[in-house]
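This is what each chain is made of:
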Amino acid sequence: MRRVQFFDTTLRDGEQSPGVNLNAEEKVAIALQLERLGIHVLEAGFAAASPGDLEAVRQVSQAVKGATVVSLARAVPGDIEKAREALQGAENPGIHIFLATSPIHRKYKLNMTREQVLEKAEKAVQMAGKYFPHVEFSMEDGGRTEKEFLCQVAERVIPAGADVINIPDTVGYLTPAEYGEIFRYMKEHVRGIEKVKLSAHCHDDLGMAVANTLAAIEAGAEQVEGAINGIGERAGNTALEEVAVALATREDHYQVATGLHLKEIGKTSRLVSKLTGMPVPGNKAVVGANAFAHESGIHQDGMLKNSSTYEILRPETVGVDSTQLVLGKHSGRHAFQDKLQEMGYRLSEEKIDFLFSRFKELADRKKRVEEEDLISLVEEKWGGEEEIFTLETVQISYGNRSVPTASVRICDHRYPQALQEAACGNGSIDAIFKAIDRVTGEVMHLEDYKITSVTDGKDALGEVFVKLRQGDYAVQGRGVSTDILEASARAYIHAVNRWVSRSTAGEGKAVSVFSGS
Ligand SMILES: CC(=O)SCCNC(=O)CCNC(=O)[C@H](O)C(C)(C)COP(=O)(O)OP(=O)(O)OC[C@H]1O[C@@H](n2cnc3c(N)ncnc32)[C@H](O)[C@@H]1OP(=O)(O)O
Ligand SMILES: CC(C)C(=O)C(=O)O
Ligand SMILES: [Mg+2]
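As recorded in an unreviewed UniProt entry, the protein chain goes by 2-isopropylmalate synthase and comes from Kroppenstedtia sanguinis. Its UniProt record gives the protein chain a comment under Catalytic activity (unreviewed entry), which states: "3-methyl-2-oxobutanoate + acetyl-CoA + H2O = (2S)-2-isopropylmalate + CoA + H(+)". Taken from UniProt, the Sequence similarities (unreviewed entry) comment for the protein chain reads in full: "Belongs to the alpha-IPM synthase/homocitrate synthase family. LeuA type 1 subfamily."

Structure, rendered in structure tokens:
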């Protein structure tokens, strides 16, 4: 199988992401992790950019033992000297020299003729070859350069000593077909091309960096460049982990080996995200939090029957969190039941039906239903006592200068019709409780009221805990909802149900929902 080399520029082009600044220690930590991933060439920085970056390149090159470590340099002696200084003592040093070749860059940026570009490139590579065993030359903005000029530049830098020639699509402009065509053209037309590796370096301005890189591989590129999580200048670089995983998953198509340790991808991605401060979007391929999460009922059902229905890749292959069947409003009964079983609940079909409808009501109001939410749902309902009153609706009228009024609609299961009552109170909760008392005919004294958040986030479930008393006897109840007023109504009705069912059973004594409370 053909082999493709991976060149990582997270520490150089990746660090060019606006707002990112890695110090030497952080660069070393990322470099060592990239080595564990099996990266072949590691661009540690741009030594001439600043004394700090020179020092970072130096420290990375001292720490890394296997991979080749390179510094970027313009085609000027000063930059080459700085790279040399930084890489003295490195086990496998290299240099990456670049010079723009496109008409736009020649005219507006460099103010150079084609001949001047050819000469400058040749001289720089010759000089670098005296110091470095490995010299890569990049034709910046190669994607917008005349093809025959790319060939001319290559034919000057190959004899000068370059062993890798990189053709960057610096501004992410090309389509995959166009980019692949450049590699085919150069392979066919450049004298001595067999002496060098051709490298692909893409940017994601039009969202085509990974596709372009894969197209270059199909067209014969022997090296690919990019950054972990696709970070980099503007819209970023090719996400190297995506290329690696595409090549492995579609080995049947690409017939390319990388030698990378894919299991290290998750860890590498998390480290880069943490140290650069650039979060990974949830829907990002391979390493996004949702890359192996399934929310919709039909997909979850398929996954439970056989994971190949909706997963082309196992999360453990790339060292990220295992597949998750996320419960939300799109989930179905299969996934719901499976989750309850996994949590240790053994419930009858009838109970599951009831809980599933409560779950759907909750999921309509909450983005994600967590395990704690399920525990609350199950335990709220299945406390053992008979349910006489069920809350249907609660409505509040509240203003900071008016008296709060609550209206509740409650089913009393002993009668065919739901009952509705309204009451005013000192506050919204007091009004709700008074309205409930009117429906139930039980006048309870509220002895304790506590509210806690069951889950995280603004849409967290609130759990309300009440203790009601009549004479010597007390009951406790609990209610759960994303809305604390509704949770309060549920808790109160739960306690009243206990009160009524215990007193009808002749058990009017203090009871507690929670053991130990
Ligand atoms: C596509 C890429 O990612 S290329 C890499 C981009 N990365 C960076 O630029 C990060 C580090 N850069 C820096 O710290 C600074 O730009 C430095 C230290 C390299 C240079 O700083 P300065 O000397 O102040 O120059 P400045 O950045 O303003 O301008 C760049 C100069 O380099 C020239 N230049 C640009 N590319 C090259 C090149 N490959 N070879 C030779 N000269 C070049 C420009 O034409 C300009 O020259 P001029 O001053 O004669 O007009
Ligand atoms: C320095 C070169 C290789 C570069 O980053 C680009 O052209 O995008
Ligand atoms: Mg780049």
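Novice: Tell me about the environment of L118, and name the residues and values.
Specialist: By the secondary structure assignment, L118 is in helix α5 (residues 114–131). Once the C-alpha coordinates of L118 and F149 are considered, the two residues, 31 residues apart in sequence, prove to be 9.3 Å apart. When sequence neighbours within four positions are dropped, the list of residues in contact with L118 reads F149, Q152, V153 and R156.

Novice: Give a description of the site of ligand 2 that names residues and reports values.
Specialist: As a matter of local geometry, ligand 2 sits amid R12, D13, L72, H96, F98, S138, E140, N166, P168, T170, H201 and H203. One of the side-chain N or O atoms of T170 is found 2.6 Å from an oxygen atom in ligand 2. Interatomic distance of 3.0 Å between a side-chain N/O atom of H203 and an oxygen atom of ligand 2. Contact with the protein chains removes 95% of the 260 Å² of surface that ligand 2 exposes when unbound. Elements with a contribution of two residues or more to the shell around ligand 2: β5 (93–100), β6 (135–140) and β7 (164–169). Taken together, the residues that form the shell around ligand 2 break down as 3 nonpolar, 6 polar and 3 charged.

Novice: Run through the coordination of the magnesium ion (ligand 3), naming residues and quoting values.
Specialist: On the protein side, the magnesium ion (ligand 3) has D13 (OD), H201 (NE2) and H203 (NE2) as donor atoms, found 1.9 to 2.3 Å from it. Site description for the magnesium ion (ligand 3): donor spacing in sequence, D-x187-H-x1-H. Note that D13 is positioned in the loop between β2 (5–8) and α1 (24–37) and H203 in the loop between β8 (197–202) and α8 (209–218), a separation of 190 residues in sequence. Of the two residues, D13 and H203, neither departs from the other in class, the shared state being buried.

Novice: Please give an account of the state of the cysteines that cites residues and values.
Specialist: Applying the stated criterion across every chain, the model contains 0 disulfides. Its sulfur unpaired, C151 is 18 Å from the next cysteine sulfur, which belongs to C202. For C151, a relative accessible area of 7% translates into the label buried.

Novice: Tell me about the packing of helix α13 (residues 333–342) against helix α14 (residues 349–365), residues and numbers included.
Specialist: Packing of α13 against α14 brings their axes to within 11 Å, and their N-to-C directions diverge by 110 degrees. What the angle tells us is that α13 and α14 run roughly perpendicular. Viewed along their axes, α13 and α14 form a crossing whose handedness is right-handed. Only E349, I352, D353, L355, F356 and F359 of α14 make contact with α13, whose side of the interface consists of R333, F336, Q337 and L340. Across the contact of α13 with α14, the residue classes break down as 6 nonpolar, 1 polar and 3 charged.

What counts, and at which threshold
Residues numbered from 1 in each chain as written. Chains lettered and ligands numbered in written order. Predicted model: local features only at pLDDT ≥ 70, side-chain atom pairs only at ≥ 80, totals over all residues. Heavy atoms only, no water. UniProt positions renumbered as here; feature names shortened; annotations may be inferred. Helix = DSSP H or I, 4+ residues; strand = E, 2+ residues; numbered from the N terminus. Contact = heavy atoms within 4.5 Å. Near = heavy atom within 4 Å. Polar contact = N/O pair within 3.5 Å; in protein donor to acceptor, adjacent residues only side chain to side chain. Areas by Shrake-Rupley, 256 points an atom, 1.4 Å probe, with all protein chains shown as cover. Nonpolar A, V, L, I, M, F, W, Y, C, P; charged D, E, K, R; others polar. Donors = N, O, S within 2.8 Å, 3.2 Å for Na, K, Ca; no water. Buried < 20%, exposed > 50% of the residue type's maximum accessible area, 1.4 Å probe, protein only. Disulfide = S-S within 2.5 Å. Axes fitted to C-alpha atoms, helices over the stretch in contact; angles between N-to-C directions. Parallel < 35°, antiparallel > 145°, perpendicular 65-115°, else oblique. Left-handed = near helix turned anticlockwise from the far one by under 90°.

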